[in-house]
Amino acid sequence: MGSHREHEPRPLNRKVLVGLVIGVTVSATLTAVATTNESPVAHETVEVGSSTPLEPTMRKDVRLTPDEAAARAREEAPLSKTVDALRRKLGVAYAGAWYDNTKRKLMVGIIDRQYIGEVQRAGAEPRMMKNNLAGLTGQKTRIDRMAQSAPPSVVAWYVDPTTNSVVIESKKDAPAETFIEKAKGGGDLVRVEWTERTARPLVDVIGGRGFTVGDARCSIGFSASGPGGSKHFITAGHCTASGGVVLNNGLEVGRVNAGTFDTDGDFGLVDVTDPTAQAPASVDTRDGGPITVTGTEVAPIGASVCRSGATSGFACGEITALDETVNYGEGRIVRGLTRTSVCAEPGDSGGPFVSGTQAQGVTSGGIGDCATAGTTFFQPINEAATKLGVTVVTG
């Protein structure tokens, strides 16, 4: 009844900052931390969306050669605008969209054949579906309202436009099966993917270099500015939820302004207090050169995406689901996350995700690790910035 998954999702909060000053060069000290934690892997590919060299992870996960990566960058650049335009034009006939990396083409689900030509004129391939996106989203919202009754064995749920269903990922046990039956509500919109383990937060309390708050070690996400030009950075909320002074190598670089880790999302804000700190519009790829963030356009399902983190460095994959609800256990349920095929490790929490040069979000949690492959979730950056009242710094 679905595929088996071998690992469990959890917030990637080993906590220390980005061993790459991803998004914020909080100070010369942080820059030094980034450059001393280099990846041992020689970079052989180029990043999708820029000419920045990348590690072979990009080619392994997304299976691209450098020439293919450059071609895909050109193809993916207009995807966000095309999806937005079609969603408005198709209205209730719209059943979701995704990028097919085999065909290298944007696929658009519709429930009314009269819109086939409209989709084709936009350069996309139409797919006839039974359910529209509004219906699928409504089913997911219904499950969200049941979230507090979800047992720990129910890992996550999300809308999957490729299968025209709402997927529930779960361990198979009696409480989960009871929850799933109630979630289905007698309908046929829900599909189940069984996993072998339950979700849990990944809080690895250790000492070390980088951004620490108390015993939490996390990664910087993106530089942000306040209404008066104040300097901040956005990170994961489970890193900042307890408040406190933000340290690097024992020196204060900032103070926690806000932290949310609940059904509203997983995002936090740090006020930069170091007067010498800079807040550039850049993401460090360690030994591949920085990426300048130029915007925050949302990439669709199937688009390539890369993330950076203090522990595991720079890694790439694809967006596999939007608006996912993840059950981290102990009542910690987070809505609105984006699912990716990128791996991550403890300590990568809060690090930035980019698609090309567009900021996508900050790392929340994941399933598995980079030794055995895994799945990582991120908090979308636009929602985080809006709720925090700041603007992502762009170049």
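Further remarks concern the state of the cysteines. For the coordinates displayed, the defined rule picks out 3 disulfides. Note that C218 is cross-linked by a disulfide to C239, the S-S spacing being 2.0 Å. Sign of the S-S torsion, about -90 degrees for the bond between C218 and C239, identifies this disulfide as left-handed. Note that C218 is positioned in strand 12 (residues 216-218) and C239 in helix 8 (residues 237-240), a separation of 21 residues in sequence. Cysteine pairing for the protein chain, with bonded cysteines counted in sequence order: 1-2, 3-4, 5-6.

Summed over the entire model, instances satisfying the criterion amount to 17 salt bridges. A salt bridge links E125 to R127; its shortest N-O distance comes to 3.8 Å. Taking relative accessible area as the criterion, R127 reaches 32% and is therefore assigned partly exposed. Here R191 ties to D160 by a salt bridge, and the two come within 3.1 Å at their closest N and O atoms. You can see R191 sitting in strand 9 (residues 190-195) and its partner D160 sitting in strand 7 (residues 154-160), a full 31 residues away along the chain.

Moving on, we come to the nonpolar core. Judged by nonpolar contacts, the single largest core of 32 residues is most densely connected at V108, I143, W157, I168 and F179. Elements that contribute at least two residues to this core include exactly helix 4 (79-90), strand 4 (94-100), strand 5 (105-110), helix 6 (133-145), strand 7, strand 8 (165-171), helix 7 (174-184) and strand 9. With residues near it in sequence (within four places) discarded, I143 still touches W157, V166, I168, F179, A183 and V190. Core analysis: the second largest hydrophobic core is formed by 20 residues, C316, I381, A384 and V390 among them.

Further remarks concern the sheet that holds strand 4. Strand order in this open sheet of 3 strands is 4-5-6, and the pairing throughout is mixed. Because the sheet does not close on itself, it has two edges, and the strands there are strand 4 and strand 6 (125-128). Adjacent strand axes in the sheet meet at a mean angle of 25 degrees, parallel and antiparallel pairs treated alike. The sheet contact formed by strand 5 and strand 6 spans 4 bridges and is parallel. Bridged to I110 within strand 6 is M128. Against the sheet, helix 4 touches strand 4 and strand 5, its axis set at about 15 degrees to strand 5.

Note: α-helices contain 3.6 residues per turn, so residues at a spacing of three or four share the same orientation. In this model helix 6 runs 18 Å from its N-terminal to its C-terminal C-alpha over 13 residues, within 8% of the 18 Å that 1.5 Å per residue would give. Restricting attention to buried positions, one finds in helix 6 the residues L133, L136, Q139, K140, I143 and D144. Along helix 6, the residues classed as buried sweep out an arc of 150 degrees about the axis, all on the same side. Of the exposed residues in helix 6, the ones pointing more than 90 degrees away from its buried face are A134 and R145.

Topologically, Y328 is positioned in the loop between strand 21 (313-327) and strand 22 (333-340). Taking relative accessible area as the criterion, Y328 reaches 1% and is therefore assigned buried. Among the polar contacts made by the side chain of Y328, one reaches the main-chain amide nitrogen of G365 at a distance of 3.3 Å.

Once that is clear, we can look at the packing of helix 6 against helix 7. At a minimum axis distance of 9 Å, the contact between helix 6 and helix 7 shows a crossing angle of 135 degrees. In terms of orientation, helix 6 and helix 7 fall into the oblique class. Classified by chirality, the crossing of helix 7 by helix 6 is right-handed. Facing helix 6, whose interface residues are Q139, R142 and I143, helix 7 presents F179, K182, A183 and K184. Of the residues belonging to the contact of helix 6 with helix 7, the class tally is 3 nonpolar, 1 polar and 3 charged.

The rules behind these values
Residue indices follow the written sequence of each chain, beginning from 1 at its first position. A pLDDT threshold of at least 70 governs which residues receive local features in this predicted model, and a stricter bar of 80 or more applies before side-chain atom pairs are shown or counted, although totals over entire chains, interfaces and linings include all residues. Only heavy atoms go into the side-chain values, all of them from the structure, while hydrogens and water stay out. Cysteine sulfur atoms that come within 2.5 Å of each other are treated as a disulfide pair. The secondary structure listing takes helices from DSSP runs of H or I that are at least 4 residues long and strands from runs of E that are at least 2 residues long, numbered from the N terminus. We define a salt bridge as a side-chain nitrogen of Lys or Arg found within 4 Å of a carboxyl oxygen belonging to Asp or Glu. For every residue, the accessible area (1.4 Å probe, protein chains only) is compared with the maximum for its type, and the residue is labelled buried under 20%, exposed over 50%, or partly exposed between those bounds. Grouping buried Ala, Val, Leu, Ile, Met, Phe, Trp, Tyr and Cys residues that are joined through side-chain atoms within 4.5 Å yields what is termed a nonpolar core. Note on contacts: a residue pair is in contact if any heavy atoms of the two residues lie within 4.5 Å. Pairing between strands requires that DSSP locate at least two bridges from one strand to the other. The angle between two axes is taken between their N-to-C directions and runs from 0 to 180 degrees, where each axis is a line fitted to C-alpha atoms and a helix contributes only its stretch in contact. To estimate how far a helix should extend, the number of its residues minus one is multiplied by 1.5 Å. It is the directions from the helix axis to the C-beta atoms that the arc portrays. Under the rule applied, a polar contact is a pair of N or O atoms within 3.5 Å (in protein, one hydrogen donor and one hydrogen acceptor; residues adjacent in sequence only if both atoms are side-chain atoms). For classification purposes, an angle smaller than 35 degrees is called roughly parallel, one larger than 145 roughly antiparallel, one from 65 to 115 roughly perpendicular, and anything else oblique. Should the near helix be turned anticlockwise from the far one by less than a right angle, the crossing is termed left-handed; should it be turned clockwise, right-handed. Gly is placed with the polar residues, together with every amino acid not listed as nonpolar (Ala, Val, Leu, Ile, Met, Phe, Trp, Tyr, Cys and Pro) or charged (Asp, Glu, Lys and Arg).

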